[in-house]
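An overview of the molecular structure
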Amino acid sequence: EYQSALKIDNHNALAWRGLGQALSELEQESDAEDAMRRAIELDPDDLGNFSALGGFYFAHGRYAEAAGVYGRMAQHPSASASAWNSQGAAFYMMGQFERSAQAYREVVAREPSASAWSNIGTAYFFNGQFADAAVAYREAIALTPENPVWWGNLGDALQQIDGGEKEAQLAYRKAADLASQLLPANPEDGELLTNLAHYQARLGDHERASQYLARALFASPDDVYAHYYAALVHLEAGRRQQALEEISRSVELGYPVALLAPDPQFTDLRNDQSFQGLIDHQGGKR
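A brief structural summary.

What follows concerns the packing of aromatic side chains. Throughout the structure, instances matching the rule amount to 13 aromatic pairs. Relative to F126, the ring of Y92 lies with its centre 5.7 Å away and its plane at 90°, an arrangement referred to as edge-to-face. Residue Y92 is located in helix 6 (residues 81-94), and its partner F126 is located in helix 8 (residues 114-126); the two are separated by 34 residues in the primary sequence. Overall, Y92 belongs to the buried group, its relative accessible area being 15%. Ring geometry for Y225 against Y255: centres 5.8 Å apart, planes inclined by 85°, an arrangement best described as edge-to-face. Highlighted residues: Y225 in helix 14 (residues 224-236) and Y255 in the loop between helix 15 (240-252) and helix 16 (257-260), separated in sequence by 30 residues.

Here we take up helix 14. For helix 14, which comprises 13 residues, the first-to-last C-alpha distance of 19 Å matches the rise-based estimate of 18 Å (1.5 Å per residue) to within 8%. Most of helix 14 sits inside the fold, with 11 of its 13 residues counted as buried. Among the residues making up helix 14, those that are buried are V224, A226, H227, Y228, Y229, A230, A231, L232, V233, H234 and L235. The inward-facing, buried residues of helix 14 abut helix 12 (190-202), helix 13 (206-219) and helix 15. Capping the start of helix 14, D223 holds a side-chain oxygen 3.0 Å from the backbone nitrogen of Y225, two or three residues further along. Among the residues trailing helix 14, G238 stands out with phi positive, at a value near 85°.

The next subject is the environment of D222. Looking at the secondary structure, you find D222 in the loop between helix 13 and helix 14. C-alpha separation for the pair D222 and Y255, spaced 33 residues apart in sequence, amounts to 11 Å. When neighbours within four sequence positions are excluded, D222 is seen to be in contact with R249 and L253.

Note: most peptide bonds trans; most residues except glycine with negative phi. The phi angle at E27 is positive, at roughly 65°, despite the residue not being glycine. Classification of E27 as exposed rests on a relative accessible area of 68%.

The next point concerns the pattern of salt bridges. By the definition in use, this model includes 14 salt bridges. Notably, a salt bridge pairs R17 with D46, separated by 3.3 Å at the nearest N-O pair. Of this pair, R17 sits in helix 2 (residues 13-25) while D46 sits in the loop between helix 3 (29-42) and helix 4 (47-59), and the two are 29 residues apart along the sequence. In this structure R17 comes out as buried when scored by relative accessible area, which is 17%. Within this structure, E33, R37, R62 and E65 form a network of salt bridges that share partners.

Rules behind the numbers
Going along each chain's sequence as written, the residues are numbered from 1 onward. Residue-level local features of this predicted model are given only where pLDDT is at least 70; pairs of side-chain atoms are given and counted only at 80 or more, and the full residue set underlies all totals for whole chains, interfaces and linings. Here the side-chain values reflect all heavy atoms present in the structure, with hydrogen atoms and water set aside. For this analysis, a ring pair means two rings from Phe, Tyr or Trp (six-membered ring only for Trp) whose centres lie within 6.5 Å, classed as stacked if their planes differ by under 30 degrees, edge-to-face if by over 60, and tilted for the remaining angles. Going along the chain from the N terminus, every DSSP run of H or I of four or more residues is numbered as a helix, and every run of E of two or more is numbered as a strand. When a residue's accessible area, from a 1.4 Å probe over protein chains only, is under 20% of the maximum for its type it is buried; when over 50% it is exposed; and in between it is partly exposed. Expected helix span is computed as 1.5 Å times (number of residues minus one). The contact rule is simple, with two residues in contact once any of their heavy atoms fall within 4.5 Å. Polar contact is the term for a pair of N or O atoms within 3.5 Å; when the atoms are in protein, one must be able to donate a hydrogen and the other to accept it, and sequence-neighboring residues count only if both atoms are side-chain atoms. Criterion for a salt bridge: a side-chain nitrogen of Lys or Arg within 4 Å of a carboxyl oxygen of Asp or Glu.

Read these as geometric descriptors, not functional statements.
Structure follows, in structure tokens:
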């Protein structure tokens, strides 16, 4: 249908964009990219054209190109905070955490939200700026205090700060309580179960953590983050081999090595040959 439209009007930017998106679904990547680029050439004031091409690059792991497109989008006079949000996500996936935080700060300056503050916090967390991360997570909590994820993120940041362990435990307890309140309405929610497993492991209740983890993996066996957090749960309990197996599975499912290598939560595995081999092998493939 898009091709038929272009036979009538070869300068129809919407038709070129739609054709590109259809071709992308058909895995005709080169033609899809050309079509979406053509849409931008024809109508550079339609930011949906930039969003489509940026999303195409992002979905195919071409994060640097995605960041470039979103950067062009952000410079447009009518750009919304979503342009910086998308650019922040692309920088984050590349492991460029300072640039990611800067982009997310542009989001907060325009459309402050709990998720934007949490994104800033996570960029700081992976960059080793744990105190700054904690500040950002507290901003997220101030906006939506009932969200267990923000409390869990705060606990992760405080856990990395000297003398922050006690306060981290309070944050994990709050996260676990809030998540438990949500569970009856969502008993098979893999993400919720995964989070609960993580919180309970950090609180030292390894038996309950294992129970939540088993349910999470049953509900979401191919979820990248279910296996990522499974690795953390096993590591917290001293089960290094199981942790290595789970993080390896997470990477196989698509977890970016650019995020795994600097992750402060895997410091104990950093010198492990299997862990380093995983990073080197996957990194060489990218």
